Every structure is written in structure tokens, then in C-alpha cells.
Amino acid sequence: MGALPDSPRGCIRNPNNTDKVYFFSGDRYWRYDLGKDYGEAGYPLSMDLWHVTGGFAAGVDAALDGQAAFTGKSYFFKNDQYVRYDWRTDTIDRGPNSIAKGWGLPEPFASGVDVAFNGLGAFKNKAYFFKDDIYARVDWTSLGVDQEIKPISAWSLGDGFTSGLTACCDAPKVVGHDKAYFFKGDQYVRYDWTNDRADEGYPLPTSAGWPTGLAVWAEHKRAPLLVCSDARLEAGANRVIAYPGGTSRGQAGWQLGMKFSTLQGLADALERAVIPDFYGDDGAGSATIGAGSITRLAINAHGLPGQLDVSNEVFDGKQLSSFTLLELTPQLVRIARMLEPGAPIILLGCNAGRGDSGDNLIEPLSAIWAGHPVTAFTTIGYSESGKQRRPEACDNPGMRVTDETDVFSSDPFKEQQLEDEHFSPIWENLNALPWGHDNLQRHRKTALNGQLVFFDADD
């Protein structure tokens, strides 16, 4: 369920199921379901499955679907060569061949292309090739260049999208018009073929507008929220806001929410978790997510310096701390097994990373969770169920990081009341009370493979 990569290289469509589109990056590929508008589970997979070899297996520069007499074929481009894939036989049936000879493209396109895609509407029988800040057009009937080379700026894609693009996906008849999606870095724009320009409101983050991955928000039973199992922000906010952003209603970028009572219970819940219904996948709603599926994990629980409350009773000596790591290692290993390689883990608990005690927790914990950055915070965290509550009586995910280090009261009920009084007046200010995340530049510590890699100098 890996998230789509930044700067994907190429996008093609399955001619037998046109809802399925494929993105490529390096030696891996992803599949996205346009009908369900969500990335599929079980990806990315190896480029080897396309039966490409050599440099093509290590990564392609661009990809293109055949049109007209070449429907049912797809083309992969790498440097000055291309190969042709046949969907019916699942084989490479041509190439590697020269781009210059096979497509009649002049320099600099003959040496390689950045983006290849097909036109829609009145331009249905045209193939477009982008290179740096210029483009060429080929007619599928004559298989020749049919207009002079022009600047990409003529597409009116907006600032930053006049050169260096990496992929384009066509999308027939979206909101009544033929559209195309252009990708660059971690952003994309939507182009309207009828109006011949990008739609208003773009660029947007690719990770929001093309949602995929499986980020899990795990909430301890005594934490102040009742997180929704569908942890995406309501009203479509996740379509325009990418993690770690959010609104005053909650943090974006989370897909699956769950409650747990103990660390063993969390491991059980992750192993039993079912692929959410909204995923573009045949197993959605029934199949379990499987090992190696989680792209980001938040563990939200009450905390103290160097401790996270993950037990049945309040700080009963079985909470997660440097003193219990050995005892809890089997459960921690089970949790790590469910994570995608490199997936970050965020401990969202008050003061859990504070002081030497915080170091003594997250450094050895990150050694057990080897390869996964582990983040904890050095101040009080705050969530407000009344402001994060949805109409369906559950909450959007998210914990705000405050500048406070001292608790307001030892009485948990009084503590919550005083926190509400103190933080409610600045709740709408996302700079004063940012959502907790693994790249926050204040009040954060992050460890990787047993060593601190980031810490707040004020701690």
C-alpha cells in the first residue's frame, strides 16, 4: 500500500479495465483505481513483472498507451530507446529500438523523453512528448511529427509547470470535460482539454489528490479522542491537504483509525485489520491488510517523560518505557512486521520524548524498530474532542503540540478542564498549536537505528 512516489515516471492504463492506471518510479510500479479513486493495496511491485530487462527494469523515463491501430500496446521509454508491451500476451513484443527511428522524433527527443501521453477530445489521435521545456506531437495514423516543436508554457499549466515535468495521466470526462493530470515533484495540476489550460486551484499535493498508502492512527482507550475508523478528514479535505497539514478540525493524511487497550492488543488489531472499503482493490472490505502494508503509524496515548501509557491500568508499571522494552519486545516486533520498510512511527503522548528519560525510551526503541524513524514530543500534547468531533459521533485524528511542559493538575479530569480553558482560545491558530508530526521543527525528538537524528535544542 505504498504511497505514490514523488515525480512518477509515466502513467498508462489497462485497456481491459480502464479504471486501472499504473505509475512507475525506479524499479517499482503502483496501480491506482480511478473508479474508487484510491491507490490499490499490495503495491508497489517490481518492474520485472512487465517482462522488461536491462535498464528498463531499473526504471523507465516515460510510458505511453498505443492508440488507433496500436490499441492494446503500451510503450516504455528509456534514454534513446523504447520497448513495446502487448497486453494480450503479457510480453515485450518489440525492442529495444531507437526512438529516432521508431517514432521519427528529432533531437533532443530522440535522445530521450521526460513525459509521453495521448491527447483527448479533438486531439484523440495525437501523442505528445515533453522534454525539458519543449514538446513535440506525433500523429498515430501517420506515425510522424505533425507540428513544429513548441514550448510547454503554451499549455498554460501554471508557474513551475513549464519544464521538468515527469508524468501525465489522461482522464476522459471528469466533471463533464476531458482532463489530463500533470505531475512534477510532489505536486500535480489538472488540465482541461476544452479550455486549454490548467483548472483553477492547482497545483495540489500528489499525496492528497491521489490518495494511497495506509497510514494508521492507533488511539489508546484512555486517550481523549474516539478516532473514526475511516480516519480521512471529512468533507473531502484530504483531497487538497496532504499530511502533515490539516484544518482546525483534524490532521490530514491518515486513512485507518483504531482503538487499543494494550500493546499486545495493538499488535492484534494491526494483524486483523481489513483493507478499508474506500481502497481501489478487489480485497477492500474483506481481505486483511497484510504484513508490510502500513506506511505511517501514530500511537496516541497519555505520556510522561520517557513513558507512554499503553497498558490496561494507568501507569501501572507496564507502560512503554526503557524499563519494559525487553518484556514488550515480542509485541514491538509484531508491530514492526506490519510496517512498510522505512515507515515512520510517531509516539503522540505528553512529554514522552522529554529529557534524558525521553532519549532512553526512543533510542533503544528505534533499535528494536530498526529502519523506522521513531518520533516523540517534549511538551504537552492536546486534543479537543469537541472541536474534532464528526457528526457520526467519532473524531478526526490529530494531536496538537503545545509550548507547555508542566501539567496543569494531577487530577486527570481537572487537567482536561484546565487544558481546555488554556488552549481553546488559540485552537484556530495552527501555527501556535501545530499538529504533531515527524518533521515538526520544535518540541520533537526523532531516533533511527538506536541514535537520535533530530532533537529540539530547548529540551
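Treat the numbers as computed from the prediction; the structure is a model and nothing was measured.

**What about the state of the cysteines?**
Then, in step 1: On inspection of all chains with the given rule, the structure shows 2 disulfides.
Then, in step 2: Linked covalently through their sulfurs, Cys11 and Cys169 form a disulfide whose S-S length is 1.6 Å. Linking Cys11 and Cys169, the disulfide has an S-S dihedral of approximately 90° and is accordingly described as right-handed. Of this pair, Cys11 sits in strand S1 (residues 11-13) while Cys169 sits in strand S15 (residues 167-174), placing them 158 residues apart in sequence.
Then, in step 3: Exposure remark for Cys169: the relative accessible area of 2% places this residue in the buried category.
Then, in step 4: At a sulfur-sulfur separation of 1.9 Å, the disulfide partner of Cys228 is Cys394.

**Looking at the packing of helix H5 (residues 325-337) against helix H6 (residues 355-368)**
Then, in step 1: Following both chains from N to C, one finds H5 and H6 inclined at 45°, their axes separated by 10 Å at the closest point. The angle between H5 and H6 falls in the class oblique. Between H5 and H6 lies a crossing whose hand is right-handed. In contact with Leu325, Thr329, Leu332 and Val333 of H5, H6 contributes Leu361, Pro364, Leu365 and Ile368.
Then, in step 2: Of the residues assigned to the contact of H5 with H6, the class counts are 7 nonpolar, 1 polar and no charged.

**Observations regarding the sheet that holds strand S26 (residues 307-308)**
Then, in step 1: With respect to topology, 3 strands assemble into an open sheet ordered S25-S26-S27, the strand pairing being antiparallel. Edge positions in the sheet fall to strand S25 (303-304) and strand S27 (320-321), since each of these pairs with one other strand and no more.
Then, in step 2: Relative to S26, S25 is paired through 2 bridges, and the arrangement is antiparallel. Bridge pairing links Leu304 to Gln307 in S26.

**Some thoughts on the packing of aromatic side chains**
Then, in step 1: Counted under the stated rule, the structure contains 57 aromatic pairs.
Then, in step 2: Taking 5.4 Å as the distance between ring centres and 80° as the angle between the ring planes, the aromatic pair formed by Trp155 and Trp193 counts as edge-to-face. Separated by 38 residues along the polypeptide, Trp155 in the loop between strand S14 (150-151) and S15 and Trp193 in the loop between strand S17 (187-192) and strand S18 (197-198) bring together distant segments of the chain. Across the pair, exposure class does not vary: Trp155 and Trp193 are buried alike.
Then, in step 3: Judged by centre distance (5.2 Å) and plane angle (90°), the rings of Tyr181 and Trp210 are edge-to-face. With a gap of 29 residues between them, Tyr181 in strand S16 (residues 177-184) and Trp210 in the loop between helix H3 (206-209) and strand S20 (215-220) connect regions that are remote in the sequence.
Then, in step 4: Classification of Trp210 by relative accessible area gives buried; the value is 5%.
Then, in step 5: Taken together, the aromatic side chains of Phe117, Phe123, Tyr128, Phe130, Tyr135, Trp155, Phe182, Tyr191 and Trp193 make up a single cluster linked through ring pairs.
Then, in step 6: The ring of Phe278 is capped by Arg232, whose NZ or CZ atom sits 3.6 Å from the centre of that ring.
Then, in step 7: Positioned over the ring face of Trp254 is Arg296, at 4.6 Å from the centre of the ring.

Basis of the calculations
- Residues numbered from 1 in each chain as written.
- Predicted model: local features only at pLDDT ≥ 70, side-chain atom pairs only at ≥ 80, totals over all residues.
- Heavy atoms only, no water.
- Disulfide = S-S within 2.5 Å.
- Helix = DSSP H or I, 4+ residues; strand = E, 2+ residues; numbered from the N terminus.
- Buried < 20%, exposed > 50% of the residue type's maximum accessible area, 1.4 Å probe, protein only.
- Axes fitted to C-alpha atoms, helices over the stretch in contact; angles between N-to-C directions.
- Parallel < 35°, antiparallel > 145°, perpendicular 65-115°, else oblique.
- Left-handed = near helix turned anticlockwise from the far one by under 90°.
- Contact = heavy atoms within 4.5 Å.
- Nonpolar A, V, L, I, M, F, W, Y, C, P; charged D, E, K, R; others polar.
- Pairing = 2+ DSSP bridges.
- Phe/Tyr/Trp six-rings, centres within 6.5 Å; stacked < 30°, edge-to-face > 60°.
- Lys NZ or Arg CZ within 6 Å of the ring centre and 35° of its normal.

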